[in-house]
Amino acid sequence: MTRVVKVLRAAVVPLALIGLTALAGVVLGRVYAGDLLTRLVIGAAVGSVLVSVAARRLPSWLVAPVSVAAMAGWTLWSLRLAATHAELPGGLLEITADAARNGIPRLLTAMIPVEPTPDTVLVPVVAAWLAGLAGAEVALRAGRVLLGYLPAAGLYAAALYVVGPNATPAVGATLAFVTIAAVGLAAPTPAASTAGDPTADLAPRVRAAVRLRLATSATLGVALVVGLVALLGPAVAEGIDGRPVDPRRYVEPPQVQTLDENPLIRISGWALHPEQKLLDVSTESSAAQTGATAPSTGPATDDTAAADDTDASVRIRLAVLSDYDGVTWRVGATYRNAGRILPAATPPDDSTVKTVRQQITVAELSGRLLPAVATPREVSGARVAYDQESGTLIRPEGLTPGLRYAVTSAEEHPDSNLLATANVPAGAEVARVLRVAEGVPDPMRRLATQLAEENGAPYARAVAIEQFLAEHYRVVADAPSGHAYPNLGFFLFGPRNGGGQEGTSEQFAAAFAVLGRLSGLPTRVVVGFRAGGQGPVLAGDAFAWPEVLFDGLGWVPFDPRPRPNEEPRPVEEDFRPTPEDPPPSEVPAPTAEPSASPEPVAAPAGQPGRGGVSTPVLVAGGSGGLLLLVGALLLTLLAMRRSLTRARLVRGDPGQRIVGAWREVTDALRLAGRPVGADLAATEVAGHARRALADARSGGPAAADPDIGGVDELAELLNRMGFAPDAATPDQATRAAEVASAYVATLRSARPWWRRVLWSVHPAPLRRPHRSRR
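Residues numbered from 1 in each chain as written. Predicted model: local features only at pLDDT ≥ 70, side-chain atom pairs only at ≥ 80, totals over all residues. Heavy atoms only, no water.

What am I meant to see in the overall build of the protein here?
A tally of helices and strands in the protein yields 21 helices and 17 strands. Scored against the burial criterion, the 774 residues of the protein give a buried share of 44%. Residue pairs in contact within the protein that sit at least 24 positions apart in sequence constitute 79% of those at least 6 positions apart. Accessible area of the protein: about 38700 Å², with a carbon and sulfur share of 60%. (Helix = DSSP H or I, 4+ residues; strand = E, 2+ residues; numbered from the N terminus. Buried < 20%, exposed > 50% of the residue type's maximum accessible area, 1.4 Å probe, protein only. Contact = heavy atoms within 4.5 Å. Areas by Shrake-Rupley, 256 points an atom, 1.4 Å probe, with all protein chains shown as cover.)

Structure, rendered in structure tokens:
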């Protein structure tokens, strides 16, 4: 029974360490999808502590390699399990290398909830194992239980910091942490159980003095803790209700290339090469959840004619552009690394949802934007980053020919019967998609006002803009790219015989979006493709369309392009712009019409930016500067130490030189780890010096045998100085310097090589006063 009790007592501290380390995984697991991360961290906590318990009889220097080897095995198994769970392709070596390179940035840029993939579980698992190893060695081997809690406490604090404001306060876990820590501290350690009273062998007066000193120290410690609590308590209490800092704000998420920031300009290039194969698509659609019908508006089959959607066609969305500055429409999205399962958004109340599954193979499409039917819910076969606000995807590594991935999307179809009476939202939440940049041409503003005055309801205004563009403008494949205010002004009001009133879907979608915002409609532009159920997606299938946000219905697409076989009417029949100043000629200025340009080509990935220094150069420069600084510091310390030695042994009168030689010996003893007390006599110090040198010789390298008795001679010279300070002769001072130099050199040579290196630059002798006796 006694043995069982001892075993249970001995198990309390290891179990406490396991519990404290595992709680960090519980806290961090709240921002992960599923419980895989929590289970892996708990396994790391158990494994690290058990390895230290099993290896307690081994030398301390051998425990760390054994535990690290076990950690490597557990980590590799965890990475393989996470890769299988996330259905990631690739071998274990490739997965491990990728996770090691990108573990920290992907963890801090991942979308909440974080899917447990190899790159998001590597850092927590390794950190948990190392915390368990450090805590177990300190608490179990050294018997410092409270100090052994520090690694687990640091890991727990780091987990809270990473979670930030993305989960509810971890009150229960924190209380459990404090409780487990208290239980571990209350349990006696084996060292404490067998040590007994450390003051039992001391003399009564000494034992009383030691106990008084311990009691005083404990009282001061308690007073310090109470003072800190009183000082910091109010500040901590005020911050309890505050919002935690999100570390993700300090890490830049994956970015799109310049080519992808404004894919609208690629429409003209694709229109000039309509046979270019961009994708291969295989589509499988399920029935809608309800029977509401979709709006009658639909995308066109190409940029030369418009047609209604059919059941076999879908819109594959490439990018959503919500920001317009009067010159360029931009994506402006914040992409977060995501796993296979994407966050599910609640569809609008009055919309139906149809599940669309697609297998997509990339052919010649470039960039990072990853095409998918809106709104993607699950992606496999490619590591992606996701912007939840726009519902678009990117592949941070970029698209490559042959890339094959599967996407499951929830395609929303608003109830067209409710559009006529639907309202549009307003306020700060939609200010981004209502913003109109400065510099709007006056004819464009008056056109928007005219269309809005004739149609009061939001949907009627949107349909009026759509019909006006479809009835008065022509789609041509060779129209130049551009959607700045001058380009749109020329598209809307330029003379037909000069290239005006015609364009690609780029100008149609951009003009609709700007006119809509001028009419009070929240709008955005979408770039994508029209695809059939099976087969290739060509460049001619690419087009842009505008969308309007309605309350309860979500984003509704419109198609302002003309219908097939319809000849557009002149704009002047329904709207005549009246410029403030008559134009000098009927033909517009050449600068108003941009020249045609082929599809932009992305800049090489390795091309450095023109405005700054590359990261490798900064790292190399910083490292070199740090090494120079350390080298300069070491040289300075070496010079100061040598100057001090010369000042002691060479300068001053003979008495000062003898005292300096004695201080060289006492400093050497301190550097060797054998300091002498201030209350010892010179002869006692000499005996201590002989023993220190004898001990060093027994375990150190062989060295020349100096005259060790010279230390006694030096002590005798020092004693004479105490009675007759002015009786010392130069010969005696020279002899004292020789004895001190020989002793210091011999004691230093007996030290390990790395201690001999540090001996010459150690700053300890510089910190004590160096005034000599006279």
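Structure's up, so let's keep going.
Looking at this model, I keep getting lost on empty space enclosed by the protein. Mind explaining?
Over the atoms a probe the size of a water molecule is rolled, and this reveals where empty space is left. For the coordinates displayed, the defined rule picks out four cavities of 30 Å³ or more. One number sums up the size of the largest cavity: a volume of about 220 Å³. Elements that contribute at least two residues to the lining of the largest cavity include exactly α5 (118-141), β5 (336-338) and β8 (376-380). Here the lining of the largest cavity is composed, by residue class, of 10 nonpolar, six polar and six charged. (1 Å grid on protein atoms, 1.4 Å probe; cavity = no way out; pocket = protein on both sides within 12 Å on 5 of 7 lines; lining within 4 Å. Points joined across faces, edges and corners; volume = space filled by probe spheres on them. Nonpolar A, V, L, I, M, F, W, Y, C, P; charged D, E, K, R; others polar.)

What am I meant to see in the pairing of strand β11 (residues 404-414) here?
Each regular strand carries side chains that alternate between the two faces of the sheet. In terms of residue burial, β11 counts as a mostly covered element, since eight of its 11 residues are buried. Two elements, strand β6 (residues 351-362) and β11, share 11 bridges in a ladder whose sense is antiparallel. Across the sheet, residue T355 finds its bridge partner in β11, namely A410. (Pairing = 2+ DSSP bridges.)

So what exactly am I meant to see when it comes to the environment of E438 here?
Relative to the elements of secondary structure, E438 occurs in the loop between β11 and α12 (442-454). Accessibility expressed as a relative area gives 76% for E438, which makes it exposed. Distance in space between the C-alpha atoms of E438 and G326 is 6.9 Å, their sequence separation being 112 residues.

Can you walk me through the sheet that holds β11 in this structure?
Think of a sheet as strands paired side by side through backbone hydrogen bonds, with each pair either parallel or antiparallel. Here five strands make up an open sheet; going across it, the order is β8-β11-β6-β1-β15 and the pairing antiparallel. The open sheet has two edge strands, β8 and β15 (534-538), and neither has a second partner. Here the average twist between neighbouring strands, direction ignored, is 25°. (Axes fitted to C-alpha atoms, helices over the stretch in contact; angles between N-to-C directions.)

Looking at this structure, I do not really get the side chain of R461. What am I missing?
Within the fold, R461 resides in helix α13 (residues 458-472). Although buried, R461 forms no salt bridge, and the nearest oppositely charged side chain, D551, lies 11 Å from it. The residues contacting R461, other than those within four sequence positions of it, are L451, A452, N455, G456, S519, G520 and L521. (Lys, Arg positive; Asp, Glu negative; His and termini not counted. Salt bridge = Lys/Arg side-chain N within 4 Å of Asp/Glu carboxyl O.)

Looking at this structure, I do not really get unusual backbone geometry. What am I missing?
Glycine aside, negative phi is the norm for most residues, and most peptide bonds take the trans geometry. With an omega dihedral of 0°, the bond running from I112 to P113 counts as a cis peptide bond. As for its position among the elements, P113 is in the loop between α4 (92-109) and α5. With an omega of -5°, the peptide bond running from A374 to T375 counts as cis. Relative to the assigned elements, T375 resides in the loop between β7 (369-370) and β8. The phi dihedral of E87 is positive, around 60°, even though this residue is not glycine. Take E87: it is sitting in the loop between α3 (60-86) and α4. Of note in this structure, N565 is not a glycine but carries a positive phi near 60°. Tracing the backbone through its elements, the reader meets N565 in the loop between β17 (554-557) and α16 (615-649).

Any chance you could explain the packing of aromatic side chains here in plain terms?
How two aromatic rings sit relative to each other is given by the distance of their centres and the angle of their planes. As enumerated under the stated definition, the model contains 12 aromatic pairs in all. Judged by centre distance (5.1 Å) and plane angle (70°), the ring pair of F491 and F508 falls under edge-to-face. Of this pair, F491 sits in helix α14 (residues 485-493) while F508 sits in helix α15 (residues 505-518); the two residues are 17 residues apart in sequence, bridging distant segments of the chain. For the pair F491 and F508, one class covers both residues: buried. What links up through ring pairs into an aromatic cluster is the set Y459, F512, F550 and F558. If you follow R315 out to its NZ or CZ, it ends over the ring of W545, 4.8 Å from the centre. Just above the ring of W555 sits the side chain of R524; from NZ or CZ to the centre is 4.1 Å. (Phe/Tyr/Trp six-rings, centres within 6.5 Å; stacked < 30°, edge-to-face > 60°. Lys NZ or Arg CZ within 6 Å of the ring centre and 35° of its normal.)

Help me out: how do you make sense of the sheet that holds strand β16 (residues 542-550) in this one?
Strand order in this open sheet of four strands is β2-β14-β16-β17, and the pairing throughout is antiparallel. Edge strands, defined here as strands with exactly one partner in the open sheet, are β2 (314-321) and β17. Ignoring strand direction, the axes of neighbouring strands in this sheet form an average angle of 40°. Looking at chain direction, β16 and β17 are connected through four bridges and run antiparallel. The residue bridging V548 from the neighbouring strand is V556, located in β17. Contacts from α15 reach β14 (523-531) and β16, with the element oriented near 15° to β16.

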